[in-house]
Amino acid sequence: MKKNVLGIFILLVAIFVITAVINPKFLNAYNMQNLIKWSSLYAVMSLGVAFVIITGGIDLSIGSVVGLVSVVLSICLKLEGMDPWSAIGITLVLSLGIGLLHGLLITKAKVQPFVVTLCGLLVYRSMGRWLTDNQSIGPMPYEEDAGYKNLEQIQGLDFLFSGKIALGSFNLPTPALFILVLSIAAAVFLRRTIWGRYLFALGNNEEGTRYSGIDTDRMKILAYVLCSLFAGIAGILFAFELDSVQPAQTGEFYELYAIAAAVLGGCSLRGGEGSVLGVVIAAAVIRLIYNSINMVGISTHLEFGILGLVILLGVIGDEFLKKAVARKQAAVKT
Amino acid sequence: MDESSSPLLEVSGLRKSFPGVLALRGVSLHLQKGEVLALIGENGAGKSTLMKILAGVQPADEGDFRVSGKKVFFRNVNDAMDKGIALIHQELNLCGNLDLAANVFLGREPTKAGLIDESEMRRQTEKFLSQVGLNLPVDTLAGSIPIGKQQLVEIAKALSCNARVLIMDEPTSSLSQKETETLFEVVKNLRSKGISVIYISHRLGEVKELADRVTVFRDGENVGELMQDQIDHDNMVKLMVGRELSEFYDRQIHNPGKPVLSLKNLRCPSYPQHPLSLEVSEGEIVGVAGLVGAGRTELLQTIFGVTPALGGSLEISGEAKEIRNPRAAISVGIALAPEDRKQHGLVLPMSVRENSSLPSLQRDASRGWLNENAERAVTQNAVESMKIKTPNYEQMARFLSGGNQQKIVLGKWLAMSPKLLLLDEPTRGIDVGAKREIYKLMEKLAGEGMAILFVSSEMEEVLGMADRAYVMHEGQISGELSRDQMSEKAIMNLATGNLAAA
């Protein structure tokens, strides 16, 4: 394990142990299942934004993509009575399209990523509200809905995306399997393919990478497409998890949690750095902090404050580690 | 000791190291009042490092530093300014959006009742501008005047801080002939008023005209001093290079083969009004000389597709090619070792291995999977054939010396076996040892039939390495010189647009 990943892992264990000691109820199966489920959901979005942050970019639209995707999915399944797998396909194509649009605007129209995705945040949120007339909606159809004919299949999807698999007395939430598969795929992509290498290279030095003959624009577009795709997958998971999607609220601020997890997990907003394992652990740390605040009995009004301080200290610690490593390398006589 | 015999500035035993390189190994220097001291040496000799230390930009690791006989220590630029030492930067530091008065007094604005005293500032600025022979309204925007005049404004700014020593680093590298003459007048005038100047230049002709004394550096050490009557071209070159020129460059002339690159009326985006035509053949080393800003780097960047051509034709081995980006250039067998190694040549925070393999990753990959064996082989090949000094393949490129960094850049391209190698200032900022190795490599590659086109601001390098040279002036090719026709004078005449004399 790399040093900075080890650091965040130690943080996770420390908070975990302290909370368990103060309140043994923290360890009960129900709480653990919830913690794993929410950590997995956050980690999916965090992994997505990590691709973009590695290239030195940013995506602020993730929460709105989550909201829009869960709204569109619910409409397709419940109101339109669409074939359930086609509905999933449509939402994935929608998220890919959003990512492609971001990538093209950033590389071809040369609009800054912050601006492109900030506008995306506003547009997708309002599209979700407009499509539903701002009424809450869920993917599960009732008798009067057109989708009722597909009830069985939709229940199947519900199990796939938000079910529980019994492992003895412990029920593992299915989102945990999603994050397992997605994080392995992401790690292999980043570390074992040339495109992963290109993302790191261009995040460190875009011009230098272009001078080495790499189509940096295409690689940046790829990063935004992956980011929105992961946000879309998270949107599907959330739709089934929540049952009732609030067009104005579902996914709100999630981009900030995702970015926070990516940064805490070792991605630098300057680009060129990051590890999948670090990001996944950091997403878990963020959920764990929430849970611990409740369990330990700290006022929930302090949630944001504590979260902010932990992230800040984590990143400062990371910087110190990096400097120490750099000094060590510099000291090697050449 | 009276004031006139104690040197104005005296340093000795100055040492400075950077990660991976010992830049200064105990150098000394002294300067009298009203003296123009020229500091010469090849790229990487340590001149710029010394200047930065003298001006307080960076501290020395050790050494004795005296001003008028008193020991001083500079922590920053302001400390140096207080002692009257000012550096005129190679890259000018004026704020283009502010007027001349605001620039001259930036950070030291005269105030009255807490507000900027505009009229005082203007009056003072006029005085200092006239000392450097500039008759411009003080409310002219700094960005709107040519570079030569901007430099004079920088000097005026230094004078306004009561500078007694001006350090000028390659002041004429981007000036026209006329601007250079004006600058010389100003320098001579300042000298007569008792101001001392340390003058760094590659242009030996200028040194001869201007300097009262010359100090020569090589590889971070003093290697000699020439008094005014000893200053001539041969003496200077011998000290700088440390051996006879022919031995250092060691060129064999190959019979050039078929043309590899041929440009016909190629229009670069930087100077679209001047179409360029040139040719480089197999086994030929062709130089491109000229002043900074003459469009040489832009020419290489257009050939390499960084800034695609607006028109004209580019042929590779007789076939017309359209090169829209570096990828396209690489695919037809072109490689570029860029001038700005850190920005364009390397990904500094990545390892020697990751840098060496970057261009060849795709070729060696199957369906996008990294081929780690091929990557290691490419790296090993680069490190061994280029003699890159690195503790291991995982060392960050950032922590290697300039010479070793340049070797990584060359190594990564050799893995692509290019037909045409473009080199932009191939030996800038690297030590003499590495420099020699790069020359040897150029010679070897040309011997194997590669076509090499290189841009250099170092006269000796062009004279020593090129089979043939093009000289550029303000975006045009002002002349072509065969090896027999090449001389410092011929190149300078063409480079400064003095066509009649060429």
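Model, not experiment: these values are computed from the prediction.

> What exactly am I supposed to notice about the overall build of chain A here?
Regarding its fold elements, chain A presents 13 helices and two strands. Relative to the 2.2 N^0.38 estimate, which gives 20 Å for 334 residues, the radius of gyration of chain A is 20 Å and therefore close to what a compact globule would have. Burial statistics for chain A: of 334 residues in total, 50% are counted as buried. Of the contacts made within chain A by residues no fewer than 6 positions apart, 77% connect residues no fewer than 24 positions apart.

> Quick question: what am I supposed to make of the overall build of chain B here?
On a plain count of helices and strands, chain B comes out with 19 helices and 22 strands. In terms of overall size, chain B behaves like a compact globule, its C-alpha atoms giving a radius of gyration of 24 Å where 502 residues would be expected to give roughly 23 Å. For chain B, the C-alpha atoms occupy an extent of roughly 70 × 50 × 50 Å along the three principal directions. Looking at chain B as a whole, 49% of its 502 residues are labelled buried. Sequence-distant contacts in chain B: of pairs separated by 6 or more residues, those separated by 24 or more amount to 70%.

> Sorry if this is basic, but what is going on with the nonpolar core here?
Across soluble globular proteins, nonpolar side chains show a tendency to be buried alongside one another. Val44(A), Met45(A), Ala261(A), Leu422(B) and Ile452(B) are the most contacted members of the largest nonpolar core, which has 176 residues in total. Not counting chain neighbours up to four residues away, the residues in contact with Ile452(B) comprise Ile285(B), Val286(B), Leu421(B), Leu423(B), Met442(B), Leu445(B) and Ala446(B). Within the second largest apolar cluster, 76 residues are counted, among which are Val21(B), Leu100(B), Ala102(B) and Leu190(B).

> Would you explain the interface of chain A and chain B in this entry?
Where interface size is quoted, it is often the accessible area lost as the parts come together. With 21 residues of chain A in contact, the opposing surface of chain B contributes 34 residues. For the side of chain A that touches chain B, the secondary structure elements donating two or more residues are helix H8 (194-204), helix H9 (206-211) and helix H13 (303-331) of chain A. Per-class residue counts for the side of chain A that touches chain B are six nonpolar, 10 polar and five charged.

> When you look at the sheet that holds strand S18 (residues 334-337) of chain B in this model, what are you seeing that I'm missing?
Strand pairing within a sheet occurs via backbone hydrogen bonds; the two strands may be parallel or antiparallel. Residues and elements named next belong to chain B. Taken together, six strands build an open sheet; the order of strands is S18-S19-S20-S15-S21-S22 and the sheet is mixed. Strands with a single pairing partner mark the edges of an open sheet, and in this sheet they are S18 and strand S22 (476-482). With strand direction ignored, the average angle separating the axes of adjacent strands in the sheet is 20°. Relative to strand S20 (residues 451-455), strand S19 (residues 420-424) runs parallel, the two being bridged by five bridges.

> Could you clarify how one ought to interpret the sheet that holds strand S1 (residues 9-18) of chain B in this entry?
Residues and elements named next belong to chain B. The four strands lie next to each other as S2-S1-S4-S5, forming an open sheet whose pairing is antiparallel. Two strands in the sheet have a free side with no partner beyond their single neighbour: strand S2 (21-31) and strand S5 (70-71). Of the pairings in the sheet, the one linking strand S4 (residues 62-67) to S5 comprises two bridges and is antiparallel in character. Within the sheet, the bridge partner assigned to Arg 66 lies in S5 and is Lys 71.

> It is not clear to me how unusual backbone geometry should be interpreted in this structure. Could you clarify?
Both trends apply: most residues other than glycine have a negative phi, and most peptide bonds are in trans. Residues and elements named next belong to chain B. With a phi close to 50°, Glu 170 is a non-glycine residue in the positive phi region. If you trace the backbone, Glu 170 turns up in the loop between strand S9 (165-169) and helix H6 (177-192). A count of 20 C-beta atoms within 10 Å places Glu 170 in the buried class. The phi dihedral of Glu 425 falls on the positive side, at around 50°, and the residue is not glycine. Accessibility expressed as a C-beta count within 10 Å gives 22 for Glu 425, which makes it buried.

> Is there a simple way to think about helix H4 (residues 118-131) of chain B in this case?
An α-helical turn contains 3.6 residues, so any two residues separated by three or four positions project in the same direction. Residues and elements named next belong to chain B. Taking 1.5 Å of rise per residue, the 14 residues of H4 would be expected to cover 20 Å, and the 20 Å separating its terminal C-alpha atoms lies within 8% of that figure. Taken as a whole, H4 has its buried residues at Met 121, Thr 125, Phe 128 and Leu 129. For H4, the angular spread of the buried residues around the axis is 100°, confining them to a single face. When the buried face of H4 is taken as reference, the exposed residues oriented beyond 90 degrees from it are Ser 119, Lys 127 and Ser 130. Its buried side turned inward, H4 meets helix H3 (100-104), strand S8 (115-116) and helix H5 (147-160). Remark: Gly 133 follows H4 within two positions and exhibits a positive phi of approximately 75°.

> Hey, could you run me through the pairing of S20(B) in this one?
Two faces, one strand: in a regular strand the side chains alternate between the faces of the sheet. Counting buried positions along S20(B) gives five out of five residues, so the element sits mostly inside the fold. Once the chain exits S19(B) it traverses helix H17 (residues 432-447) of chain B before rejoining the sheet at S20(B), and the crossover so formed is right-handed.

> In this structure, what is going on with the pairing of S22(B)? I would like to understand it.
Residues and elements named next belong to chain B. Pairing of strand S21 (residues 468-473) with S22 involves six bridges; the strand directions are antiparallel. Note on S22: the bridge partner recorded for Arg 468 is Ser 482. The turn linking S21 back onto S22 is made up of two residues, and Glu 474 within it adopts a positive phi angle of 45°.

> Would you mind going over the packing of helix H11 (residues 254-264) of chain A against helix H12 (residues 276-296) of chain A with me for this structure?
Pairs of packed helices are described in terms of their axes, by the angle between the two and the distance that separates them. Residue and element names in this part refer to chain A. Between H11 and H12, the least distance of the axes is 7 Å, while the angle of their chain directions is 125°. If you check the angle between H11 and H12, you find them oblique. Classified by chirality, the crossing of H12 by H11 is right-handed. Facing H11, whose interface residues are Tyr 257, Ala 260, Ala 261, Ala 262 and Leu 264, H12 presents Val 279, Ala 282, Ala 283, Val 285 and Ile 286. Split into classes, the residues belonging to the contact of H11 with H12 amount to 10 nonpolar, no polar and no charged.

> I would appreciate a short explanation of the packing of helix H4 (residues 84-107) of chain A against helix H10 (residues 216-242) of chain A in the present structure.
Residues and elements named next belong to chain A. The interhelical angle for the contact between H4 and H10, taken along N-to-C directions, is 145°, at an axis separation of 7 Å. Crossing geometry of H4 relative to H10 is assigned as right-handed. Residue composition of the contact of H4 with H10, by class: 16 nonpolar, nine polar and two charged.

> Help me out: how do you make sense of the confidence of the model for chain B in this one?
Caution is warranted with low-pLDDT regions, since their predicted coordinates should not be read in detail. The pLDDT averaged across chain B works out to 89; a share of 96% of its residues lies at or above 70. Both scores are available for the predicted complex, with the pTM at 0.84 and the ipTM at 0.88.

> Just checking my understanding: could you explain the environment of Ile388(B) for this structure?
Residue and element names in this part refer to chain B. Topologically, Ile 388 is positioned in the loop between helix H15 (372-386) and helix H16 (402-414). Residues Ile 388 and Gln 405, 17 residues apart in the sequence, show an inter-C-alpha distance of 8.2 Å. In this view, Ile 388 contacts Val 352, Ala 382, Val 383, Asn 404, Lys 407, Ile 408 and Gly 411; residues no more than four positions away in its chain are not counted.

Calculation criteria
Numbering of residues starts from 1 in each chain and follows the order in which that chain's sequence is written. By the order in which they are written, chains take letters starting at A while ligands take numbers starting at 1. Thresholds applied to this predicted model are a pLDDT of at least 70 for local features of residues and 80 or more for the giving and counting of side-chain atom pairs; totals over whole chains, interfaces and linings are not thresholded and use all residues. Numbered from the N terminus, helices here are DSSP runs of H or I no shorter than four residues, and strands are runs of E no shorter than two. In this description the radius of gyration comes from C-alpha coordinates, and the expected globular size is given by 2.2 Å times residues to the power 0.38. Our exposure labels follow a C-beta count within 10 Å of each residue's own C-beta, placed from the backbone: buried means 20 or more other C-beta atoms, exposed means 12 or fewer, and partly exposed covers the counts in between. By the convention adopted here, residues are in contact when the distance between their C-beta atoms, placed from the backbone, does not exceed 7 Å. We define the nonpolar core as any set of buried residues of the types Ala, Val, Leu, Ile, Met, Phe, Trp, Tyr and Cys, connected via C-beta atoms lying within 7 Å of each other. We call Asp, Glu, Lys and Arg charged. Ala, Val, Leu, Ile, Met, Phe, Trp, Tyr, Cys and Pro are nonpolar, and the rest, Gly among them, are polar. Being paired, for any two strands, means DSSP has found at least two bridges between them. Axis lines are fitted to C-alpha atoms, over the contacting stretch for helices. Their N-to-C directions set the angle, which ranges from 0 to 180 degrees. To estimate how far a helix should extend, the number of its residues minus one is multiplied by 1.5 Å. Directions from the helix axis toward the C-beta atoms define the arc. Handedness is read with the strands pointing away from the viewer; a crossover is right-handed when the path from the first strand over the helix to the second is clockwise. Orientation labels follow simple angle bins: below 35 degrees gives roughly parallel, above 145 gives roughly antiparallel, 65 to 115 gives roughly perpendicular, and whatever is left gives oblique. What makes a crossing left-handed is the near helix being turned counterclockwise from the far one by less than a right angle; a clockwise turn instead makes it right-handed. Known as pLDDT, the predictor's confidence for each residue is given on a scale from 0 to 100.

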